[in-house]
Structure formats: structure tokens, C-alpha cells
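One letter stands for each residue in the lines below.
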Amino acid sequence: MSSVEAGLRDLIRALVREELAALHGDAAPRELVQAGPLSSTSPDGQPPLDKAVYTAEEVARLLGCSPKAVYAKVSRGQLPGVFRVGRSLRFRGRELLPFILEGRAPSPRRAR
């Protein structure tokens, strides 16, 4: 398992525990996930896995594709958690990271 997958798995487990605690009414204070500086990356060039919002370029690095491919996937509705800030795409980490970890992707449409 790569360090990215391990980090995603740990982050998702923490988010699930947090949601379960909220559902069961536990009064434990919620820890806020702090996003690092906009240009922060890990030593292997990957964006941090604890951000609330990712840019298209960061998502491209996580997926191992080009930013142009990310925009194409968004136009086909293949990526979750997308919203726009002006003309730029942003992605909610809470929706995107489980999607990436599970390796879910809709099958490409066939042109007939």
C-alpha cells in the first residue's frame, strides 16, 4: 500500500469515527482539519491529504493524470464534490478522498 493510500485510509477512518460520534450524540469536541498553505506538498510531490478543498491541479496529482483530464472528468460527471470559484474548479476533500480511495470510477461512455 502506498503512503497516499495509507494516508487516505487513515483520514477516512477519522472522518467516519467523527460522523458516528456525531450521530450517536457524543459530546466530544470535534477536531477541525486545518488546511496547510496553498503550495504545501508532501516530499513525494503529492498534495496533503487533510485539506478540506482541493484545486484541479492537486486532484490531477492525486489521480495521476493531467489537469486537462480532471476538467474532462468533471464535464462528464465522473468526479464528486465539485464546485466552482469563479472560473476555477474546487473539490470537497470529504467527498473526493473516499471516491479516490475506493477506486470508484464510472465506466467510460461508448460512442455509437
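Summary of the structure given here. (Residues numbered from 1 in each chain as written. Predicted model: local features only at pLDDT ≥ 70, side-chain atom pairs only at ≥ 80, totals over all residues. Heavy atoms only, no water.)

**What to know about the overall build of the protein chain**
Thinking step 1. Of the regular secondary structure elements, the protein chain holds four helices and three strands.
Thinking step 2. Its helices and strands in sequence order give the protein chain the pattern α-β-α-α-β-β-α, from N to C terminus.
Thinking step 3. In the protein chain, of all internal contacts separated by at least 6 residues, the share reaching a separation of at least 24 is 44%.
Thinking step 4. Accessible area for the protein chain stands at about 7800 Å²; split by element, carbon and sulfur atoms hold 54% of it. (Helix = DSSP H or I, 4+ residues; strand = E, 2+ residues; numbered from the N terminus. Contact = heavy atoms within 4.5 Å. Areas by Shrake-Rupley, 256 points an atom, 1.4 Å probe, with all protein chains shown as cover.)

**Notes on the sheet that holds strand E1 (residues 53-55)**
Thinking step 1. Overall, antiparallel pairing links the three strands, which are arranged E1-E3-E2 in an open sheet. The two strands at the open ends of the sheet, each matched to only one other strand, are E1 and strand E2 (82-85). Direction aside, the axes of adjacent strands within the sheet are offset by 40 degrees on average.
Thinking step 2. Sheet analysis places E2 next to strand E3 (residues 88-92), joined by four bridges and oriented antiparallel. Residue pairing in the sheet places Arg84 in a bridge with Leu89 of E3.
Thinking step 3. Contacting E1 and E3, helix H2 (residues 56-63) crosses the sheet at an angle of about 85 degrees to E1. (Pairing = 2+ DSSP bridges. Axes fitted to C-alpha atoms, helices over the stretch in contact; angles between N-to-C directions.)

**Here we look at H2**
Thinking step 1. All of the buried residues along H2 are Ala56, Glu58, Val59, Ala60 and Leu62.
Thinking step 2. A positive backbone phi angle near 75 degrees is found at Gly64, which sits one or two residues after H2. (Buried < 20%, exposed > 50% of the residue type's maximum accessible area, 1.4 Å probe, protein only.)

**Observations concerning the pairing of E3**
Thinking step 1. A one-sided burial pattern is seen for E3, the buried positions being Leu89 and Phe91 and the unburied ones Ser88, Arg90 and Arg92.
Thinking step 2. The pairing of E1 with E3 spans three bridges and is classified as antiparallel. Each residue of the ladder has a partner; that of Thr55, found in E3, is Arg90.
Thinking step 3. Between E2 and E3, which pair antiparallel in sequence order, lie two residues; one of them, Gly86, sits at a positive phi of approximately 65 degrees.

**Comments concerning the side chain of Lys51**
Thinking step 1. Within the secondary structure, Lys51 sits in the loop between helix H1 (3-23) and E1.
Thinking step 2. Overall, Lys51 belongs to the buried group, its relative accessible area being 7%.
Thinking step 3. Polar contacts involving the side chain of Lys51 include one to the side chain of Glu58, which spans 2.7 Å. (Polar contact = N/O pair within 3.5 Å; in protein donor to acceptor, adjacent residues only side chain to side chain.)

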